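Given next are the chains, with one letter for each unit.
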Amino acid sequence: MAANMYRVGDYVYFENSSSNPLLIRRIEELNKTANGNVEAKVVCFYRRRDISSTLIALADKHARELEEEMENSEMADLPEKQKHQLRHRELFLSRQLESLPATHIRGKCCVTLLNETEALKSYLDREDAFFYSLVYDPQQKTLLADKGEIRIGNKYQADITDLLKEDEEDGRDLAKLEERVWDPNSSLTEKQIDQFLVVARSVGTFARALDCSSSVRQPSLHMSAAAASRDITLFHAMDTLHANGYDMTRAIAALVPQGGPVLCRDEMEEWSASEANLFEEALEKYGKDFTDIQQDFLPWKSLTSIIEYYYMWKTTDRYVQQKRLKAAEAESKLKQVYIPNYNKPNPNQLSNNVKPALLNGAAGAGVPGPPGSGQTPGLGRACESCYTSSSYQWYSWGPPNMQCRLCASCWTYWKKYGGLKMPTRLDGERPGPNRNSTSPHGLPLRHSGSPKFAVKTRQAFYLQTTGLTRVARRLCQDIIRPRYMARHPYLPVNTAAIKAECALRLPDKPKKLLQHKPIDRKPLESVVRYLEAHPRPSKPEPLTHGGSISTGSLTPIKSSPILNNGSPTILGKRTYEQHNGLDGTKSKALTPQWDIMAKRVGDAGRPLASLQDEVHELD
């Protein structure tokens, strides 16, 4: 029951696609919509696979610099497999908020800020554990270091001197270390100091009445008096009194110099109403991240001015009203929500009851795999991640043309961590036993390991088969179905079943295959003379009804270019002679054939006896 209760602040998995990895989010709010559904307002976390390779290089550089600063070589000492899996545990925090249906929650996880006190390997030892150290901005496409880390070192902490013993004098010159701004042992009494502060407030109120900008912001007298009673006026009065040696006459004269009364204003008075509204909007979005507030909302204000305004703004009635309003909204919102376990089947599940027509090679007599292989009949591919051949459930994974699949354990790892336990050909890092060295049909490839060459290649390759494979093609044609496979090149072939069937059928065949009878082929000149003696009969002219048509007035139809095998070229623009650099001219190598054709036309009136002699000579 507690595992299915989700509260504000929990890190959870969200599913937005049946084939993609789960999203990692932090719940900020739980709201009930008008139709009764529950929506979660969440903070987005991004994986390494979600950001560009340029930013990934920057993140790796930051990690190396952090290791050098901490003098920690733990990452370099890890094996390659653990390094690969540790990259799946790294996340990137963002300031982006989005609303997702609460019914898409698929479980809880743990996300922590990376610190030097925790070993990286500890994340691999725990399930559903992630870490982050950088902040990703999806709009600006930038990575920044998170401000939440504790900075330790000489750059950030002061050196504390040893405690002085009793009756030990401090040899330092205190005048250079500090400056006195108020003397509590002065000759003035508390009543005289309060009277001077009242005079200072009155001067401040009069100064605001003379200032044009102040009269616009604070048109009433009581608002000017309230502004004159703020701390900035009192601080100025006490500094003036201390600077004049606590002489009341000289201090009052300093409050009203020759040019007029001195006006002291703090950040609350300097800021306009529109700037105050921008600050409240920025505070709602970024919280107390004053650097982002300055960059995105108030670039014309200094960082000191923004921080001073924030702490003064917290003393106003505006802050109290907003705090009460947020507390009332929090009371009306949901504190937690119950989400039952998601038990619907995934569309990527592969059926274990494979029909014979689906996988070629299993249509024989249900031939099992080789002994000790543990391979399911009809399934020739292993898991793309752990290379196992047996699993209670399989899932399709990767591009459809590559027909990769994952076992149940690796599929769960893929959904949670956004990667595979071991690198594959899609990562381009490590070859596997049944992927880079063989094609989907179990045959060797020249360019292995790259999906680009597996799908389409511009380079020629030589496909060499063994003698047993050539024999199996003839003995097991009913299982292989070569014509069907030629039209479906991406269907897998169960080579294990074919080899087993070939081993059963091979003893029934003769040990020595029949040799083909050699054929004595005639020379080309004899064939040409034979074709001359047996010309192609002319087609009968079509019968026309009505008047005759003169062929002289017709435009000749351009015949399609013919290759040397007699079929029309698929290029359709250049003839055979143009492809050989002849630009349509008569080739020298074909000159005897052109002469023969001309001779046929010229010898149309030759007697029949001479033609019969040539026929007998050809035979």
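Along every chain, residues carry numbers that run from 1 in the direction the sequence is written. Only residues with pLDDT of at least 70 are given local features in this predicted model, and only at 80 or more are side-chain atom pairs given and counted; all residues enter the totals for whole chains, interfaces and linings. Side-chain numbers here rest on the full set of heavy atoms in the structure, without hydrogens or water.

Under an unreviewed UniProt entry, the name given to the chain is Metastasis associated 1, and the organism recorded is Kryptolebias marmoratus. UniProt, in the comment section headed Subcellular location (unreviewed entry), describes the chain in these words: "Nucleus". UniProt positions are given in the numbering used here, feature names are shortened, and annotations may be inferred rather than shown by experiment.

In this analysis, axes come from line fits to C-alpha atoms, helices being fitted only over the stretch in contact, and the angle between any two N-to-C directions falls in the range 0 to 180 degrees. Numbering of helices and strands runs from the N terminus, with a helix taken as a DSSP run of H or I at least four residues long and a strand as a DSSP run of E at least two residues long. Close contact between helix 18 (residues 467-475) and helix 21 (residues 495-505) brings their axes to 10 Å; oriented N to C, the two are set at 80°. Overall, the two elements helix 18 and helix 21 adopt an arrangement that is roughly perpendicular. Across the interface between the two elements, L468, V471, A472 and L475 of helix 18 pack against I498, C502 and R505 of helix 21. Here the residues of the contact of helix 18 with helix 21 are counted per class, giving six nonpolar, no polar and one charged. Roughly parallel refers to an angle under 35 degrees, roughly antiparallel to one over 145, roughly perpendicular to one between 65 and 115, and oblique to any angle outside these ranges. Throughout, a contact is declared for two residues whenever any of their heavy atoms are within 4.5 Å. Side-chain classes follow a simple rule in which Ala, Val, Leu, Ile, Met, Phe, Trp, Tyr, Cys and Pro form the nonpolar group, Asp, Glu, Lys and Arg form the charged group, and the remainder, Gly included, forms the polar group.

This next bit is on the sheet that holds strand 11 (residues 394-397). Note on pairing: DSSP must find at least two bridges between two strands before they are called paired. The three strands lie next to each other as 10-11-12, forming an open sheet whose pairing is antiparallel. In this open sheet, the two edge strands, each paired with only one partner strand, are strand 10 (349-350) and strand 12 (404-407). In this sheet, strand 11 lies alongside strand 10 in antiparallel orientation, the contact comprising two bridges. The residue bridging L350 from the neighbouring strand is W394, located in strand 11. Along the sheet face, helix 16 (residues 408-417) touches strand 11 and strand 12 and points at about 100° away from the line of strand 12.

Moving on to a nonpolar patch on the surface. What goes into a patch is any residue over 30% in relative accessible area without a salt bridge, connected to like charges within 9 Å or, for nonpolar side chains (Val, Leu, Ile, Met, Phe, Trp, Tyr), within 5 Å. Only the protein chains shown count as cover for residues, and all accessible areas are computed by the Shrake-Rupley method using a 1.4 Å probe. Salt bridge, as used here, is a side-chain nitrogen of Lys or Arg placed within 4 Å of a carboxyl oxygen of Asp or Glu. Together, L524, V527, Y530 and L531 give the surface a local cluster of nonpolar side chains, amounting to about 370 Å² of exposed area. Summarising the element assignment, L531 is placed in helix 22 (residues 524-533). Relative accessibility thresholds used throughout: buried, under 20% of the residue-type maximum; exposed, over 50%; partly exposed, between the two (1.4 Å probe, protein chains only). The class for L531 is partly exposed, based on a relative accessible area of 49%.

For E280, the location among the structural elements is in helix 12 (residues 273-286). A relative accessible area of 12% means that E280 is categorised as buried. Between N or O atoms, a polar contact is any pair within 3.5 Å; within protein, one atom must be a potential hydrogen donor and the other a potential acceptor, and residues adjacent in sequence are included only when both atoms are from side chains. A polar contact of 3.0 Å, which involves the side chain of E280, links it to the side chain of Q322. With residues up to four places along the chain from it excluded, the contact list for E280 reads W313, R318 and Q322.

A word on the nonpolar core. Residues I24, F45, L91, C109, V111 and F130 are the most contacted members of the largest nonpolar core, which totals 15 residues. Elements represented by at least two residues in this core include exactly strand 2 (11-14), strand 4 (38-47), strand 5 (90-101), strand 6 (105-113), strand 7 (129-137) and helix 16. Counting residues per element, this core draws most heavily on strand 7, which supplies three residues. Among residues more than four places away in sequence, those in contact with C109 are Y11, V12, Y13, I24, D128 and F130. By nonpolar core is meant a set of buried Ala, Val, Leu, Ile, Met, Phe, Trp, Tyr and Cys residues that side-chain atoms within 4.5 Å join together.

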